[in-house]
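Summary of structural features
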Amino acid sequence: MENALNLDTVVLAEDRKHVVILDQTLLPNECKYLTLNKGEDIWEAIYSLRVRGAPAIGVAGGYGYYLLADQTDTEDMDAFVEACRKNMEYLNSARPTAVNLSWALNRMHGVLLAEKEGKTVAEMKQRLMKEADDIREEDIQISRNIGAYGYELLEKLGKGVGVMTHCNAGTLATAKYGTALAPIYIALEHGWDGKKDLHVYCDETRPLLQGARLSAYEMQAAGVDTYVQCDNMASYTMRAGKIGIIFVGCDRVAANGDFANKIGTSGVAILAKHYGIPFYCCAPSSTIDMTLSSGDEIVIEQRKAEEVTEMWYEKRMAPEGVGVVNPAFDVTDHSLVTGIITEKGIAYAPFQESFEKMGIRPVEKFVDKK
Ligand code: MRU
């Protein structure tokens, strides 16, 4: 089984004209890469979760912005900027909740607006390629830093600790290492024995099974003692004393520390509070949206009913015509959160103050405006 750290989730192809995406809908059974350069194909790959996880879709958005800019056939800078603006809005419409997509697109567009004066369109295209590469490179370092802070918490709990996670916030969800699973990779680098010193419990994460398919694969391939549990088994393992700490990822954090993550996360947080288990959200600072005062302002993506009633079943398993609820994310209240682990350190309540001390500020938005 290939260690997932050796798989590139999203990179620019050697020809610099295509983006290469690992198709995560096929994992863990098949490891297939897609080589894309059309806007609709990149949009579809993000919408269909072929590339998924907040930081990874940010990287895909950056490369998508660059490739569509590169394909824009004009020498006129105003026409170029307008084409890029339209492409940015189009790509951003693929998924609404994870801020990293709009964050990366805003960053690309901000560079174009700030640096276009005195440059040709061809020069700006080169500059945008570099910016997209930078977003990816920075994500690797950010994930390592999050992992290092999370590892300090694991060290305090000691070897043999049980870690619960929800959805997949591992290397597959980022450029490398992940957020919630990064502390595990760092512990292994420090010589922890994956079979004895760490026990990872992955919630299967209905309806798209990112926990069972992706987190379980990553952890097992890394040599960690790994368990899959159905989402409704979390209380059982917590009560049984198997869980020492919970690490989850997130898609958007509001200024007050409320955060959106994969559907089911808030239930895990409520259980953790009941059992007195530390519950940490792991987030690159780009996931913190200081323009939102609370989680009530986060737009929650609603997805197709068939994901609940048909996908993964040989035959449709729910009655035809029944109503279906399928929000892709939920909001965890900040009062349930022990800490938010960023690449700049761990934020504690009151979160807004803690974020501000870390220098995290609202960023200018060209898309994703309220
Ligand atoms: O719908 P997905 O698979 O993109 O959802 C992913 C999550 O909810 C992750 O926990 C989150 O994006 C953080 S990834 C580091």
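Residues numbered from 1 in each chain as written. Predicted model: local features only at pLDDT ≥ 70, side-chain atom pairs only at ≥ 80, totals over all residues. Heavy atoms only, no water.

Here we come to the overall build of the protein chain. Along the protein chain, the regular secondary structure elements total eleven helices and 14 strands. When the backbone C-alpha atoms are referred to their principal axes, the protein chain occupies close to 65 × 50 × 40 Å. For the protein chain, buried positions account for 58% of its 370 residues. For the protein chain, the computed accessible surface area is about 15,100 Å², with 50% contributed by carbon and sulfur atoms. (Helix = DSSP H or I, 4+ residues; strand = E, 2+ residues; numbered from the N terminus. Buried < 20%, exposed > 50% of the residue type's maximum accessible area, 1.4 Å probe, protein only. Areas by Shrake-Rupley, 256 points an atom, 1.4 Å probe, with all protein chains shown as cover.)

One open sheet accounts for three strands, arranged E1-E2-E3; its pairing is antiparallel. The open sheet has two edge strands with one neighbour each: strand E1 (10-12) and strand E3 (33-36). Pairwise comparison of adjacent strand axes, ignoring direction, gives a mean angle of 20 degrees for this sheet. Bridging between E1 and strand E2 (residues 19-22) involves three bridges; their strand directions are antiparallel. Paired with Val10 across the strands is Ile21, a residue of E2. (Pairing = 2+ DSSP bridges. Axes fitted to C-alpha atoms, helices over the stretch in contact; angles between N-to-C directions.)

By the element assignment, Thr332 lies in strand E12 (residues 329-332). Using a relative accessible area of 0% as the deciding quantity, one classes Thr332 as buried. Taking the C-alpha atoms as reference points, Thr332 and Gly359, separated by 27 residues in sequence, lie 23 Å from one another. Once residues lying within four places of it in the same chain are set aside, the contact partners of Thr332 are Asp258, Phe259, Thr265, Ser266, Ala269, Phe279 and Val337. A distance of 3.4 Å separates a polar side-chain atom of Thr332 from the backbone nitrogen of Ser266. (Contact = heavy atoms within 4.5 Å. Polar contact = N/O pair within 3.5 Å; in protein donor to acceptor, adjacent residues only side chain to side chain.)

A separate point is a nonpolar patch on the surface. On the surface, Met311, Trp312, Tyr313 and Met317 cluster together to form a nonpolar patch covering roughly 380 Å² of accessible area. Tracing the backbone shows Trp312 in the loop between helix H10 (306-309) and E12. Of the residues examined, Trp312 reaches a relative accessible area of 40% and is grouped as partly exposed. (Patch = residues over 30% accessible without salt bridge, like charges linked within 9 Å, V, L, I, M, F, W, Y side chains within 5 Å. Salt bridge = Lys/Arg side-chain N within 4 Å of Asp/Glu carboxyl O.)

Around the ligand, the surrounding shell holds 18 residues, and the nearest of these are Arg52, Ala54, Arg95, Asn261 and Lys262. Measuring from an oxygen atom of the ligand, one finds a backbone N or O atom of Ala54 at 2.8 Å. Contacts to the ligand include Lys262, whose side-chain N or O atom sits 2.7 Å from an oxygen atom. When the ligand is considered free in solution it has 410 Å² of accessible area, and contact with the protein chains removes 99% of it. Counting residues per element, the ones that place at least two in the shell around the ligand are helix H2 (54-70) and strand E9 (259-262). Residue classes in the shell around the ligand are distributed as eight nonpolar, six polar and four charged. (Near = heavy atom within 4 Å. Nonpolar A, V, L, I, M, F, W, Y, C, P; charged D, E, K, R; others polar.)

Spatial ordering of the open sheet is given by E6-E5-E4-E7-E10-E13-E14, a layout of seven strands whose pairing is mixed. Across the chains shown, the open sheet's two edge strands, defined by having one partner strand only, are strand E6 (225-229) and strand E14 (345-347). Between one strand axis and the next, the sheet turns through 25 degrees on average, direction left out of account. When strand E7 (residues 245-248) meets strand E10 (residues 279-282), the two strands line up parallel, connected through three bridges. Its bridge partner lying in E10, Phe247 is registered against Tyr280. Along the sheet, helix H9 (residues 265-275) contacts strand E4 (161-165), strand E5 (198-203), E7 and E10; its crossing angle with E10, the most-contacted strand, is approximately 150 degrees.

Taken by themselves, the reported measurements are silent on function.
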